[in-house]
Amino acid sequence: MNINKYSRQISIPFVGILGQEKIKDTKVTIIGAGALGHSTSIYLAASGIGHISIFDHDIVEESNLSRQILFSDQDIGKPKAKCLTEYLKKLYSDVEFHFFDKEFSVNNSYLLPSNCNFIINASDNYTTRHAINLVSLQKNIPWIDLGILKTQGHFCLFNPGLGCYECLFSDATDTIENCSLSGVLSPICGIIGSFAANEVIKFILGKHTKDINHFFSFEFLENNFKKFYWKRNSDCQYCNAFLKLRPTSILEKKIYDDFFIDEQKFKEKQQDENNLAVFLDEPTLHSSLDSAFEESDFQNKKTKIQFINENIHSILNKNFFLIDKPKNEEYYSKFKLIIFLCRSGIKSKTACEIFRKQGFNAYYALNR
Ligand SMILES: [Zn+2]
């Protein structure tokens, strides 16, 4: 790796040489070689993403040139994916590029590179979005949806197991209102594409966590910005199918992996003075709170981890600060680990201490 080339990025503490190597080892697939495909691919390649694949079945038209900034008059009539890839190859010689002159679908998803780390939707239609969502769940690949129209833009990241496109937009179908008819201001394509590249890099480096399960919406005429929190729809058949494929829920697996597989990592995370706290990022904590008593996985007595976030009083006593013995001790003894969750961390810490005194392997979750 050319360290000097990426030195400004490497200088950022959470990137460093290791982070830059992670970026280099990342495979991203971009669906769409139009305006959003241009801006995302340029910034991802410039940032040092090692492997970029591009799908698009369209050809370059004159009306594309004001937004699809690498194309010129000489490219009119040429296949977009091939044309964009050729320009990128000239600019970023240390990136491996592949292109597919095809419209992405579930049927040709086998063309995705093996171990693809991330998919970006840079297309403007819902059929493709639904297809990417399905493939994302089938192959367990996170993806980001992008959209632009008139003076507006949006992006939203989907991580399998924490919610999917169908949870939010199961009814979304293609309408006649797209950029070709309604128009879009050219610089907006660059802004939203840059956001996407930034989100991908944050995700790869584990810095995305606060933005998972948020929908970002921008209106650029007045420069208004909104950030909506959303959660997985427990009735979503797509998510439920995905979760059933896994031995435990992804959330449980994530925490189990974080805290048990890597003992050293687990110890490092015990930063609380009493070594009782596990530090969960905000979305994971939200998801835990939301799902602790909804999902059968968490209720299953075979599970290794039990999250407790119901009214903690009910398992202790009404004045739980005074009590020193948990109710239903036998039930909780079946779990290898108990994590208490509450909004402030105060009740859960007290409950944790009481369970500890009784010999339970208990922790409480704090927002990192
Ligand atoms: Zn879903």
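Conventions used here
As a convention, each chain's residues are numbered from 1 in the sequence order in which they are written. Under the rules for a predicted model, residues below a pLDDT of 70 receive no local features and side-chain atom pairs below 80 are neither given nor counted, while totals for whole chains, interfaces and linings still include all residues. UniProt positions are given in the numbering used here, feature names are shortened, and annotations may be inferred rather than shown by experiment. Pairing between strands is defined by DSSP: at least two bridges between them are needed. Numbering of helices and strands runs from the N terminus; a helix is a DSSP stretch of H or I covering at least four residues, while a strand is a stretch of E covering at least two. For every element, the axis is a line fit to its C-alpha atoms; helices are fit only across the contacting stretch, and the angle between N-to-C directions ranges from 0 to 180 degrees. Each residue is represented by a C-beta atom placed from its backbone, and any two residues with such atoms within 7 Å are regarded as in contact. Whether a residue is buried, exposed or partly exposed follows from its count of other C-beta atoms within 10 Å of its own C-beta, namely 20 or more, 12 or fewer, or something in between, respectively; the C-beta atoms are built from the backbone. With strands facing away from the observer, any crossover in which the path from the first strand over the helix to the second runs clockwise is taken as right-handed.

- Per an unreviewed UniProt entry, the protein chain goes by the name Molybdopterin-synthase adenylyltransferase MoeB and belongs to Fluviispira sanaruensis.
- UniProt lists a comment for the protein chain under the heading Sequence similarities (unreviewed entry), and it reads "Belongs to the HesA/MoeB/ThiF family."

## Some remarks on the sheet that holds strand β2 (residues 51–55)
Here's step 1: Strand order in this open sheet of eight strands is β3-β2-β1-β4-β5-β6-β7-β8, and the pairing throughout is mixed. Here the strands that pair on one side only, and so sit at the sheet edges, are β3 (96–100) and β8 (224–229). Each adjacent strand pair in this sheet contributes to an overall mean axis angle of 15°, direction not counted.
Here's step 2: As judged from the five bridges shared by β2 and β3, these two strands associate in the parallel manner. Considered in β3, the bridge of Phe 55 is made with Phe 100.
Here's step 3: Against the sheet, helix α5 (residues 126–139) engages β1 (27–31), β4 (118–121), β5 (143–149) and β6 (152–158), with an angle of about 170° to β4.
Here's step 4: Sheet strands touched by helix α8 (residues 186–204): β1, β4, β5 and β6. Its angle to β6, the strand with the most contacts, is close to 15°.

## Examining the pairing of β1
Here's step 1: Counting buried residues along β1, five of its five residues qualify, which places the element largely inside the surrounding structure.
Here's step 2: Alternating residues of β1 divide into Lys 27, Thr 29 and Ile 31 and Val 28 and Ile 30, and every residue in both groups is buried.
Here's step 3: Note that β1 and β2 share five bridges and pair parallel. From the neighbouring strand, Thr 29 faces β2, where its bridge partner is Ser 53.
Here's step 4: What joins β1 to β2 is helix α3 (residues 35–47), and the crossover it makes is right-handed.
Here's step 5: Judged from the four bridges that link them, β1 and β4 form a sheet pairing that is parallel. Residue pairing across strands places Val 28 opposite Phe 118, the latter belonging to β4.

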